[in-house]
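Coordinates in review
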Amino acid sequence: MAGRRRPVVWPVLLAALVAAGSARATETERVGMSPFGPNDEIGMLNKVTPESVFKVLRRISSGRTYDLSVEFYVGMPSYYFLGQPRFQTWNVHTPQGTIVDDPNGLGKEKNSHVTYSGTAFSMYAHTGTHIDALSHFGLQGEIYNGFKADEQLGDRGWRKGGVEKFPPIIARGVLIDVARYKGVDVLPESYGITVADLQGALRQQNVALEDGDVVMVRTGRMQWFKDNEKYMHNTPGLTRESASFLADAGAIVIGVDNISTDVWPAQESRNWIPVHSAMLSQRGVPIMQNVNLEQLAADRVHQFAWFGAPLRLRGADGSPMRPVAIPIR
């Protein structure tokens, strides 16, 4: 499309993989071991307890709800440029088709009286608003807590670290509106959000992070969601340092309003996706992408009760979600 930069994808990825290969002998990055024990598969989500849930529910200040999900539709932006399948939907049953085929054997009269519509869909697990399980990225053939891929990953998915292990997540949510703090509608292409940006936005919003927070970071890119080429490539995002700042502050989930939590292309030479690998593989902090933060930002709602639950997809390394936010005192 005229006036737009071509996506920086495969050349950067290839260079990163070559660099990783040459450095393999001296590679020091290893997966993290869980403080919650050798069998833990959910990492920092262990901090969601009946006490923490009740604490945030008592702070709800209104009945206003914010839907933080995007729509799923044919042609939507996703990682199809990396070879993953696009979102697709098709009709399995239609009113006229049921009359013609009569699959239930009831005949034209009954099928004309009670019409029947049924839909199927398929997609890559990391499409639309979704959460990454801790098995999504690993280091040196292992995932978080030392589970080995060659022992725990079969043809039917992960035996350890699957997204079905995640509980429903109810916690205090915090919006960090970096785009507003920087005085722009949308952060520039490939802008790496710094620790100073996060701290400055929190000061501007008069909000302090707490242990157990779900943290949502706004770049402004969600405004471009329906323009695939503009939305998908050369994304602004977090760096290892800024993501680690959030994890150190106690974040149990980190989400962004674009297709990649990481700034893209990555700013590291030896790791092509450092935020994903650091948060999922080392810190046990699930991450989310394509979270719709626009209405929260417009209303300047920076603290809220955050509700979300992935589908219980056995052995999957991620799942769609439809999170909801309700303002709190």
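Attention in this report is confined to the structure presented alongside it.

Rules behind the numbers
Residues numbered from 1 in each chain as written. Predicted model: local features only at pLDDT ≥ 70, side-chain atom pairs only at ≥ 80, totals over all residues. Heavy atoms only, no water. Core = buried A, V, L, I, M, F, W, Y, C linked by side-chain atoms within 4.5 Å. Buried < 20%, exposed > 50% of the residue type's maximum accessible area, 1.4 Å probe, protein only. Helix = DSSP H or I, 4+ residues; strand = E, 2+ residues; numbered from the N terminus. Contact = heavy atoms within 4.5 Å. Phe/Tyr/Trp six-rings, centres within 6.5 Å; stacked < 30°, edge-to-face > 60°. Lys NZ or Arg CZ within 6 Å of the ring centre and 35° of its normal. Axes fitted to C-alpha atoms, helices over the stretch in contact; angles between N-to-C directions. Parallel < 35°, antiparallel > 145°, perpendicular 65-115°, else oblique. Nonpolar A, V, L, I, M, F, W, Y, C, P; charged D, E, K, R; others polar. Pairing = 2+ DSSP bridges.

Another point: the nonpolar core. With 58 residues, the main nonpolar core has Ile176, Val217, Leu238, Leu246, Met279, Leu296 and Trp306 as its most contacted residues. When residues in this core are grouped by element, the largest group, five residues, is from strand 9 (residues 169–177). Excluding residues within four positions of it along the chain, Val217 makes contact with Ile176, Val178, Ile193, Leu198, Leu238, Leu246, Gly255, Val256, Asp257 and Leu293. Residues Val70, Met76, Tyr79 and Tyr80 belong to the second largest nonpolar core, which totals ten residues.

Here the structure, examined in full by the defined rule, presents seven aromatic pairs. A connected cluster of aromatic rings, assembled from ring pairs, spans Phe72, Phe87 and Phe121. Sitting over the face of the ring of Tyr66, Arg64 holds its NZ or CZ atom 4.3 Å from the ring centroid. Lying over the aromatic face of Trp224, Lys230 brings its terminal NZ or CZ to 4.5 Å of the ring centre.

This paragraph deals with the packing of helix 7 (residues 195–205) against helix 9 (residues 240–248). Closest axis-to-axis distance for the helix 7/helix 9 pair is 8 Å, and the angle between their directions is 45 degrees. Classified by the angle their axes make, helix 7 and helix 9 are oblique. For the pair formed by helix 7 and helix 9, the contact residues are Val195, Leu198, Gln199 and Leu202 on the first element and Glu241, Ser242, Phe245 and Leu246 on the second. The residue inventory of the contact of helix 7 with helix 9, partitioned by class, reads five nonpolar, two polar and one charged.

This brings us to the sheet that holds strand 13 (residues 253–256). Whenever strands of a sheet pair, they do so through backbone hydrogen bonds, lying parallel or antiparallel. Read from one edge to the other, the open sheet built from nine strands follows the order 1-17-15-9-11-13-14-4-16, with strand pairing classed as mixed. At either end of the open sheet lies a strand with only one pairing partner, and these are strand 1 (66–67) and strand 16 (318–320). Examined bridge by bridge, strand 4 (residues 130–132) and strand 14 (residues 287–289) share two bridges and lie antiparallel to one another. By the bridge assignment, His130 is partnered in strand 14 with Gln289.

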